Amino acid sequence: MLGINSLIENAPVKEYFTHAFQSGRISHSYIIGGEDGCGKMTLAKAVAQTLLCESEGERPCGRCSACVRAEAGTHPDILFPTHEKPSVFGVDEVRRQVVDDCEIRPFDGRYKIYILDEGEKLSTEAQNALLKTIEEPPEYVIVMILTENPDGLLDTIRSRSVTLRMSPVSAEAETKYLREHGVPEDRIDTAVRFSQGNIGRAMRMAASDDFAAMTDLLLQMLRNADHLSFEVLLQDITEFEKKYKLSAGDILSFLRLWFRDVLLFKAEGDPNVCIFQDEYAAISRMARHMSYHGISHILDQITVTEQRLAANVSFGLSMELLWMSILDAAE
């Protein structure tokens, strides 16, 4: 069953929708915020299923035609607008799949629900096109925008929507979830530590042999950062580009967590504050050899690298520049 109680933790979000369902006060526009893998889509589908359930009793019942189709992803009144370009959700796509389409009444439900994933990619023109639907919606229309960055949406969109944010879950809840879903025990600890409360990310990592190999190579490079030659650096970056280019986000997240540990250990001298506690020797060595300014500069450069990759700067060059910053700080 996809009811909102199937969500792990996130009590404020569950309480909001429980009250909304009971009172019948449903907004025509929601913004669901949170990083990729945090459960935004699970929440949106659960809300849609509950609203369209045909049961006279507890909803969603999980048995009626509407619930079965919602869980199968085939309900005609739950729509998932898409975009062809990977980096932008264009105005023509929003007009065709939402603005024009919403003039057609629901097929057989009370509501017609549009779930727009990757809302941070909506162009300004697309958001303005969507605005009229949000301002003057047909009574049956609900728009749910899922985004990693709610604050990046236009003020006019945000002021006319209810914004809810998904939060990371506890390590205990995440561990329990991974065990219940058959993740091998020897992968759970690493996935939980690295995912930082993001269950979707943890499941993806735990299922990926590439992720284990990628982290092994990253750890090898970090352990040897203070005496890594430029030639070996280039070889490792070449290997990353061949094997893990599509995992650039995971690579940068890993590095950010590592240097967070270095910074915290330098400040507090306590290995218990570290995520990578079993890498205490390498982290403590880096903390001794690096200045606060050097560590902060690396963290800034990780963000710069994300921006370079988003601007289509080559993966190899972006990683080379980042690692040069790391080597400079390690000297």
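Rules and cut-offs
- Residues numbered from 1 in each chain as written.
- Predicted model: local features only at pLDDT ≥ 70, side-chain atom pairs only at ≥ 80, totals over all residues.
- Heavy atoms only, no water.
- Helix = DSSP H or I, 4+ residues; strand = E, 2+ residues; numbered from the N terminus.
- Buried < 20%, exposed > 50% of the residue type's maximum accessible area, 1.4 Å probe, protein only.
- Contact = heavy atoms within 4.5 Å.
- Areas by Shrake-Rupley, 256 points an atom, 1.4 Å probe, with all protein chains shown as cover.
- Lys, Arg positive; Asp, Glu negative; His and termini not counted.
- Charge placed at Lys NZ, Arg CZ, Asp CG, Glu CD.
- Axes fitted to C-alpha atoms, helices over the stretch in contact; angles between N-to-C directions.
- Parallel < 35°, antiparallel > 145°, perpendicular 65-115°, else oblique.
- Nonpolar A, V, L, I, M, F, W, Y, C, P; charged D, E, K, R; others polar.
- Pairing = 2+ DSSP bridges.
- Patch = residues over 30% accessible without salt bridge, like charges linked within 9 Å, V, L, I, M, F, W, Y side chains within 5 Å.
- Salt bridge = Lys/Arg side-chain N within 4 Å of Asp/Glu carboxyl O.
- Core = buried A, V, L, I, M, F, W, Y, C linked by side-chain atoms within 4.5 Å.
- Right-handed = clockwise from strand over helix to strand, strands pointing away.

1. Notes on the overall build of the chain
Broken down by element type, the chain carries 15 helices and five strands. The buried share of the chain, reckoned over its 331 residues, is 47%. Put simply, 69% of the contacts in the chain that link residues at least 6 apart link residues at least 24 apart. Total accessible area on the chain stands at roughly 16,500 Å², and carbon and sulfur atoms take up 49% of it. Side-chain charges of the chain comprise 34 positive and 51 negative groups, with the mean position of each set lying 3 Å from the other.

2. Regarding the side chain of Ser325
Within the secondary structure, Ser325 is located in helix α15 (residues 315-330). For Ser325, the residues in contact, after removing those within four places along its chain, are His297, Ile298 and Gln301.

3. Brief notes about the packing of helix α12 (residues 248-268) against α15
One can describe the packing of α12 onto α15 by two numbers: an axis separation of 13 Å at closest approach and a directional angle of 10°. Judged by the angle between their axes, α12 and α15 are roughly parallel. Residue-level contacts link Ala248, Ile251, Leu252, Leu255 and Phe259 of α12 to Phe315, Met319, Leu322, Trp323 and Ile326 of α15. Here the residues of the contact of α12 with α15 sort into 10 nonpolar, no polar and no charged.

4. Focus: the environment of Met214
Structurally, Met214 is set in helix α10 (residues 209-223). Exposure remark for Met214: the relative accessible area of 1% places this residue in the buried category. Expressed as a C-alpha distance, the spacing of Met214 and Glu239, which sit 25 residues apart in the sequence, is 9.8 Å.

5. A short note on the sheet that holds strand β2 (residues 78-79)
The strand order across the open sheet formed by five strands is β2-β3-β4-β1-β5, and the pairing between neighbours is parallel. Looking at strand neighbours, the two that pair on one side only are β2 and β5 (162-165), the edges of this open sheet. Alignment of strand β3 (residues 112-116) against strand β4 (residues 141-147), held across five bridges, turns out to be parallel. Each residue of the ladder has a partner; that of Leu116, found in β4, is Ile145. Of the strands in this sheet, β1 (29-33), β2, β3 and β4 are in contact with helix α2 (residues 40-52), which crosses β4 at around 165°.

6. Looking at a negative patch on the surface
Where like charges cluster on the molecular surface, the negative patch consists of Asp36, Asp117, Glu120 and Glu148. One can find Glu148 in the loop between β4 and α6 (155-159). For Glu148, a relative accessible area of 45% translates into the label partly exposed.

7. Here's the deal with the pairing of β1
A regular strand places its side chains on the two faces of the sheet in alternate fashion. Along β1, five of the five residues are buried, which leaves the element largely enclosed by surrounding structure. The two faces of β1 match: Ser29, Ile31 and Gly33 on one face and Tyr30 and Ile32 on the other face are all buried.

8. Focus: unusual backbone geometry
Cis rather than trans, the peptide bond between Arg59 and Pro60 has omega equal to -5°. Tracing the backbone shows Pro60 in the loop between α2 and α3 (65-72). With a phi close to 50°, Asn10 is a non-glycine residue in the positive phi region. Among the structural elements, Asn10 can be located in the segment before α1 (11-23). Phi at Glu118 takes a positive value of approximately 55°, unusual for a residue other than glycine.

9. Some thoughts on the nonpolar core
Counting 44 residues, the largest nonpolar core has Leu255, Trp258, Phe259 and Trp323 as its most contacted members. Going through the elements one at a time, α10, α11 (230-244), α12, α13 (280-289), α14 (292-310) and α15 are the ones with two or more residues in this core. The dominant element in this core, judged by the number of residues it contributes, is α12, at 10 residues. Residues Val47, Ile115, Met144 and Leu164 belong to the second largest nonpolar core, which totals 26 residues.

10. Here's the deal with the pairing of β4
Among the seven residues that make up β4, seven are buried, leaving the element largely enclosed by the rest of the structure. The alternating pattern of β4 places Val141, Val143, Ile145 and Thr147 on one face and Ile142, Met144 and Leu146 on the opposite face, and all of these are buried. Relative to β4, β1 runs parallel, the two sharing five bridges. The residue of β4 that forms the bridge with Ser29 is Val143. With helix α5 (residues 124-135) bridging β3 and its parallel neighbour β4, the resulting β-α-β unit is right-handed.

That is the geometry; function is a separate question.
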